[in-house]
Amino acid sequence: MVAAAATIGLTATGVGTALAVAHGRQVPEGRYPFGVKLTMPDITRPDGSHYSSACSASLVAPQWIMSAGHCFHDGARHRISGPVRYRVIATVGTADLESGYGIDVDVVEVRQAPTGEDVALAELERPVEGIEPIALSTDAPRVGDRVRLAGWGWTGEGEQAPSTTLRTGTFTITSVTAGTVGVVGLRPAADTSACVYDSGAPYFAPTWHGPELVSVESQGPTCPHVTEEITARVDTLADWARQTIS
């Protein structure tokens, strides 16, 4: 896998990069309902050709999701704010696409992080009812802390395609900068890692009042791997997110 920052977006044709949970575990139905699968079934390139793509995200308010900024772009792969340039379908509230519990809602509007981090908020066509959004962390992440990833990317086995089930793994924070959080796999295995179609997937930590979003998947080496994955930090964007949502 190429670094997700090298190109914008993830595609089923191998053009692009955004990784999923390789060598992770399947999430039981009903757990982490804030996890969102993004599907872009028909993107038009400037030359008129078409391709499909996918990413992961999390529900952060009834009508808003948070994902990687590079998941939202035009046909030439330039990141965009404003109305989406092609159909983006958010599937919310299920850990298994075949369960029948998933709710499909179109994404209508995008807001890129104002300071250049690989984070975007996206507005849904309508609010999603009955699903508790994940809270945004306002505490600075620390090296040594553990976080959990839940994403819809490739599992690292078989044909390279988005997973039909939500997958998860546990990670250790290994570095923190002003805009990023570095993580490495811990469980189920050292090479548990984000993989293709996981861009935007949430890394979250448990708290006494529920899970809090610490960062979102951004870029990393070819998966599965045992080296550091770069994720986009969320706590420094919490005020912007709250203002945008309200």
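Worth saying up front: this structure is predicted, and the values here are computed from it rather than measured.

Conventions and cut-offs
- Residues numbered from 1 in each chain as written.
- Predicted model: local features only at pLDDT ≥ 70, side-chain atom pairs only at ≥ 80, totals over all residues.
- Heavy atoms only, no water.
- Phe/Tyr/Trp six-rings, centres within 6.5 Å; stacked < 30°, edge-to-face > 60°.
- Buried < 20%, exposed > 50% of the residue type's maximum accessible area, 1.4 Å probe, protein only.
- Helix = DSSP H or I, 4+ residues; strand = E, 2+ residues; numbered from the N terminus.
- pLDDT = per-residue confidence, 0-100.
- Contact = heavy atoms within 4.5 Å.
- Pairing = 2+ DSSP bridges.
- Arc of directions from axis to C-beta.
- Salt bridge = Lys/Arg side-chain N within 4 Å of Asp/Glu carboxyl O.

A. Region of interest: the packing of aromatic side chains. This model, assessed by the stated rule, comprises four aromatic pairs. Relative to Phe34, the ring of Tyr32 lies with its centre 6.1 Å away and its plane at 50°, an arrangement referred to as tilted. Residue class for Phe34 comes out buried when judged on its relative accessible area of 5%. Taking 5.4 Å as the distance between ring centres and 80° as the angle between the ring planes, the aromatic pair formed by Phe171 and Tyr203 counts as edge-to-face. Residue Phe171 is located in strand S11 (residues 167-176), and its partner Tyr203 is located in strand S13 (residues 202-205); the two are separated by 32 residues in the primary sequence. Each member of the pair, Phe171 together with Tyr203, is buried. Of the aromatic side chains, those joined through ring pairs into one cluster are Tyr32, Phe34 and Phe204.

B. Structural detail: the confidence of the model for the chain. Overall, the predicted model of the chain reaches an average pLDDT of 90, with 92% of residues at or above 70. Overall, residues 1-20 carries pLDDT values under 50, and its contacts beyond four positions in sequence, including any with other chains, amount to 92 contacts.

C. Main features of the pairing of strand S7 (residues 103-112). The pairing of strand S5 (residues 82-83) with S7 spans two bridges and is antiparallel. Within S7, the residue paired with Gly82 across the bridge is Val110. Pairing between strand S6 (residues 89-92) and S7: four bridges, direction antiparallel. The residue of S7 that forms the bridge with Thr91 is Asp104. Pairing of S7 with strand S8 (residues 120-124), which is carried by five bridges, proceeds in the antiparallel orientation. Each bridged residue has a counterpart across the sheet, and for Val110 the counterpart in S8 is Ala122.

D. Representation of helix H1 (residues 238-245). Within H1 the residues assigned to the buried category are Ala238, Trp240 and Ala241. The arc enclosing the buried residues of H1, seen along the axis, measures out at 160°, which places them on a common side. Elements that come into contact with the buried residues of H1 comprise strand S4 (64-67), S7, S8 and strand S9 (135-136).

E. Inspection of the pattern of salt bridges at higher detail. If you walk through the whole model with that rule in mind, you get six salt bridges. The closest approach of N and O atoms between Asp118 and Arg79, which form a salt bridge, is 3.5 Å. Residue Asp118 is located in the loop between S7 and S8, and its partner Arg79 is located in the loop between S4 and S5; the two are separated by 39 residues in the primary sequence. Arg142 serves as the salt-bridge partner of Asp145, at 3.4 Å between the closest nitrogen and oxygen. Exposure remark for Arg142: the relative accessible area of 56% places this residue in the exposed category.

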